[in-house]
Structure formats: structure tokens, C-alpha cells
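Spelled out from the first residue to the last, the chains are:
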Amino acid sequence: MMRLNTGYNQGGDYAHFDVKEETRLLDFLLAHMGGSRTKVKATLHGRGVKVDGKFVTQFDLPLHPGMKVAVSKSKRTQRTPLRSRYVKIVYEDRWLVVVEKNIGILSMAAGHSSLNVKAVLDDYFQKTHQKCRAHVVHRLDRDTSGLMVYAKDIDTEQIFEHNWHDIVYDRRYVAVVSGEMEQDEGTVENWLKDNKAYITYSSPIDNGGKYAVTHYHVLDRTTDHSLVEFKLETGRKNQIRVHTADLGHPVCGDVKYGNGDDPIHRLCLHAWLLCFWHPITHERMEFETPVPTAFRQLFK
């Protein structure tokens, strides 16, 4: 780890730092502010950082010896926090919002009075006097938890929709699957198609469905269960749930594709990592959440 030798002095409402070595702004701020990457990025986007007297929001800005960094010490005016047991905002700017979704809530409305993240966000935007609506960019199943991004306007949503595979460069899930996985890592690839009962099934040859590729890596295992990370090359409906069933190790708690193994009474699938290029500013955006505690406790 590179050591940062910096001078420090107090002044006004800012803490001031002198840059002594080549580095990036995010690394510099993490070393001096502490806290998480998400907190530091929120300070940047809240116009809480100056470099050589100018407000900056670019977290990967190169810093050179002689530059001066100022970080606001005052607690900047915050929007009314979102209060929901189902949805937590982890990042927000004028174009998009990244949330962590709990289990038990849909990504968007499906029928009358269905509990969904879009409605929760629309209510939050109204209460915070933001003239915008939440536009669905991608979805998680009702009983899958984890990270999602919503656009705040149709133009941003359209950029995501038409350039999703260029914009999103890393998306990973973690799951508890039934049984002890034989291989440490591997790839499942086949075609996925819904039948008339809306059950997704796979085929090793093209059946008119959509080609799907899932990479997996085992993180931990017992004789009863395995903790597995999945990286999606494609994002098809129920992809991980069908592919784990194909492997003979379905996701625990999956009433649709599982085998009845339900150790913690929930679908054991969590979207833990989401990385994308910001559709407007083109900055690198990286978000992660911890593996759910209940998952880990199975492997103590």
C-alpha cells in the first residue's frame, strides 16, 4: 500500500491537505476522511471537495505533488432520508439512484397494490420535492436481495437500456446452494426459455430461447451447503436459479426451481456487487454490500 505523506492544516469550514505524492483523489480521501467508498463518493457528488480551489466530483482525478485538497467539515444539507424496511439508498445524484433491496418486494408494479421499489422511490422523490420518477433499468426477483440502479429520467434510462452491456462491467451475486459443490469454479452456458406456465427451462442447444452464460466460484462449503459467487455474462430471467438447478445444486429456499432445502427460510440469493460506467458523467461507479449474515452463519 502506498504511503501518503501529506501536510494538514485547519481553515474555515474545510480541512486542508497538501498533496506530496502521486495518487488518485478517491484513495487520497479514503486515507484522510476514513469511512466507506460510498460515503466518500457521496461527499464528492455533494460538492464537498475542492482541488486547488475548484469543486470536483471526479473520484479518479489524478493528484500531483503541490496540489491542495480541501474537504468540507460541515454536515451538508441532506434530503429527508428514505424510511423503508425494504429499500435503502446507497447512492444518489441528479440522474440515478442506487438502492439495496430487501427480500419481499418487487422491482416494479405487477398488478394492483403490489409492493414495489419503484413506488417507494417515487414516493420518496415526491416528499423530497424532486421533479422526477424512478425508471426501471434492471430487475431482481421479489425474494432476491441486493443492489439495483434506477434512472431518474427517461433519457438516462434509455442510455442504460440501449448500452447495458457496455455500461455495466461487473455484476455479481452470492448464493447458498444445496449440497457440496464438486468443482471450485466453472461456467454454465445454455439456452433459456419459458414454457406456458412461465417456468424457465434450459436447453443445451438453441431452442428459440435466449443464450445465457453464468460463471461461478465457490467461496465456502460444508457437506450440506456451498456458498457460491456468480458472475453474469448475460442477464436472463431466473438465470442463476435455473443454472444452479442444472448443476444439481439449486439455490436454497427456491420454491420454483429448488429441492426443498430451505435452511434460513428465504431465497438464498443476494446481488452483492454492481459496477458500471455512469451514463452521463462516464465515471466509474462501484458498489458492494456485505454477504448476508444468515448466509455466512451456515458456514461457521
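Residues numbered from 1 in each chain as written. Predicted model: local features only at pLDDT ≥ 70, side-chain atom pairs only at ≥ 80, totals over all residues. Heavy atoms only, no water.

*Asks:* Please explain the pairing of strand S7 (residues 68-72) as it appears in this structure.
*Replies:* The buried fraction of S7 amounts to 4 of the 5 residues, a majority that puts the element mostly inside the structure. Both strand S2 (residues 14-18) and S7 contribute to a ladder of 5 bridges, which runs antiparallel. Bridge pairing in S7 places Asp18 opposite Lys68. One ladder, built from 3 bridges, connects strand S4 (residues 49-51) with S7; its direction is antiparallel. If you follow Lys50 over to S7, its bridge partner there is Ala70. (Buried < 20%, exposed > 50% of the residue type's maximum accessible area, 1.4 Å probe, protein only. Helix = DSSP H or I, 4+ residues; strand = E, 2+ residues; numbered from the N terminus. Pairing = 2+ DSSP bridges.)

*Asks:* Whenever I open this one, helix H1 (residues 25-33) confuses me. Can you help?
*Replies:* Since the α-helix turns once every 3.6 residues, residues separated by three or four places project in the same direction. Taken together, the buried positions of H1 are Leu25, Leu26, Phe28 and Leu29. Viewed along the axis of H1, the buried residues span an arc of 160°, placing them on a single side of the element. Taken together, the buried residues of H1 touch S2, strand S3 (23-24), helix H2 (37-45), S4, strand S6 (62-63) and S7. Just downstream of H1 lies Gly34, where phi reads positive at about 75°. (Arc of directions from axis to C-beta. Contact = heavy atoms within 4.5 Å.)

*Asks:* What should I look at first to understand the pairing of strand S8 (residues 87-92) in this one?
*Replies:* Within a regular beta strand, the side chains point alternately toward one face of the sheet and then the other, so they alternate between its two faces. Pairing of S8 with strand S9 (residues 96-101), which is carried by 5 bridges, proceeds in the antiparallel orientation. Note on S9: the bridge partner recorded for Glu92 is Val97.

*Asks:* Just to check I follow, could you spell out unusual backbone geometry for this structure?
*Replies:* A negative phi holds for most residues other than glycine; trans holds for most peptide bonds. The phi dihedral of Tyr198 is positive, around 65°, even though this residue is not glycine. Mapping Tyr198 onto the fold places it in the loop between strand S13 (185-194) and strand S14 (200-203). Here Tyr198 falls in the exposed class, since its relative accessible area comes to 58%. Notably, Asn238 is not glycine yet its phi reads approximately 55°, a positive angle. When you line up the elements, Asn238 lands in the loop between strand S16 (225-232) and helix H5 (239-246).

*Asks:* Can you help me understand the packing of aromatic side chains in this one?
*Replies:* Two measures describe an aromatic ring pair: the distance that separates the ring centres and the angle between the ring planes. Tallied over the full model, the rule gives 8 aromatic pairs. Aromatic side chains Tyr91 and Phe287 sit 5.5 Å apart centroid to centroid with 45° between the ring planes, which places their arrangement in the tilted category. Highlighted residues: Tyr91 in strand S8 and Phe287 in strand S18 (residues 284-288), separated in sequence by 196 residues. The class of Phe287 is buried, set by a relative accessible area of 2%. Pairing Tyr124 with Phe125 gives two aromatic rings, centres 5.6 Å apart and planes at 50°, and the pair type is tilted. Through a chain of ring-to-ring contacts, the aromatic side chains of Tyr91, Phe160, Trp164, Phe276 and Phe287 assemble into a single cluster. Lying over the aromatic face of Phe287, Lys41 brings its terminal NZ or CZ to 5.8 Å of the ring centre. (Phe/Tyr/Trp six-rings, centres within 6.5 Å; stacked < 30°, edge-to-face > 60°. Lys NZ or Arg CZ within 6 Å of the ring centre and 35° of its normal.)

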